[in-house]
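Here is how the chains run, residue by residue.
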Amino acid sequence: MYSSGNNVALKIDEFGIENNTQAKSYFISWSEISTFEIGHFRTRQIYIKPINPNHFSRKKYFGLYFTSKPELLWIDSEMIDIKRDELINILNRKLHNYNKKSNNNSVKTNQS
């Protein structure tokens, strides 16, 4: 868990990520995550790139999409008591471990 003051801003566990750094809290499971991206718009935010982006709605402003990436999938690293580069390493490691475990489980199932 990573906090912002007294509040939990980001919870990472074996099931996925609960992101409380945006206006609306959101949970995304590891199975829905493709990768993590940084460097968008010169911000300190981390984008959670989903496997299927069509499952996540985008906000329209004045009839136009402000961004091509859904608002809920941004982690605002400025709200968390950890450096962005350290957080991105943790997220990538957790996703890698999930994918490795998931692949091992599918191999065992296929061999049965």
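Residues numbered from 1 in each chain as written. Predicted model: local features only at pLDDT ≥ 70, side-chain atom pairs only at ≥ 80, totals over all residues. Heavy atoms only, no water.

Direction of pairing for strand β2 (residues 7–12) relative to strand β3 (residues 16–19): antiparallel, over a ladder of 3 bridges. Within β3, the position partnered with I12 by the bridge is I17. Here β2 hands over to β3 after 3 residues, the two strands then running antiparallel side by side. Of the pairings in the sheet, the one linking β3 to strand β4 (residues 26–29) comprises 4 bridges and is antiparallel in character. Bridged to N19 within β4 is Y26. Hairpin geometry of β3 and β4 is characterised by an intervening segment of 6 residues between the two adjacent antiparallel strands. (Pairing = 2+ DSSP bridges. Helix = DSSP H or I, 4+ residues; strand = E, 2+ residues; numbered from the N terminus.)

In this section: the packing of aromatic side chains. Here a ring pair, both rings aromatic, is described through the centre-centre distance and the interplanar angle of the planes. Across all of its chains, the model carries 2 aromatic pairs by this definition. Note on W30 and F36: the rings are 6.4 Å apart at their centroids and 80 degrees apart in plane angle, and the pair reads as edge-to-face. In this structure W30 comes out as buried when scored by relative accessible area, which is 2%. You can call F36 buried: its relative accessible area is 7%. Between the aromatic rings of Y47 and W74, the centroid separation amounts to 5.0 Å while the plane-to-plane angle is 45 degrees, which identifies the pairing as tilted. Here Y47, found in strand β6 (residues 45–50), pairs with W74, found in strand β9 (residues 74–76); they are 27 residues apart in sequence, far enough to count as distant. (Phe/Tyr/Trp six-rings, centres within 6.5 Å; stacked < 30°, edge-to-face > 60°. Buried < 20%, exposed > 50% of the residue type's maximum accessible area, 1.4 Å probe, protein only.)

On to the layout of surface pockets, then. The computed volume of the second largest pocket comes to approximately 170 Å³. Forming the walls of the second largest pocket are D13, E14, F15, W30, K94, N97, Y98 and K101. Grouping the constituent residues of the lining of the second largest pocket by class yields 3 nonpolar, 1 polar and 4 charged. (1 Å grid on protein atoms, 1.4 Å probe; cavity = no way out; pocket = protein on both sides within 12 Å on 5 of 7 lines; lining within 4 Å. Points joined across faces, edges and corners; volume = space filled by probe spheres on them. Nonpolar A, V, L, I, M, F, W, Y, C, P; charged D, E, K, R; others polar.)

Mapped onto the secondary structure, Q22 falls in the loop between β3 and β4. Within polar-contact distance, the side chain of Q22 engages the backbone oxygen of W74 at 3.0 Å. Apart from residues lying up to four places away in sequence, Q22 is in contact with Q45, E71, W74, I75 and D76. (Polar contact = N/O pair within 3.5 Å; in protein donor to acceptor, adjacent residues only side chain to side chain. Contact = heavy atoms within 4.5 Å.)

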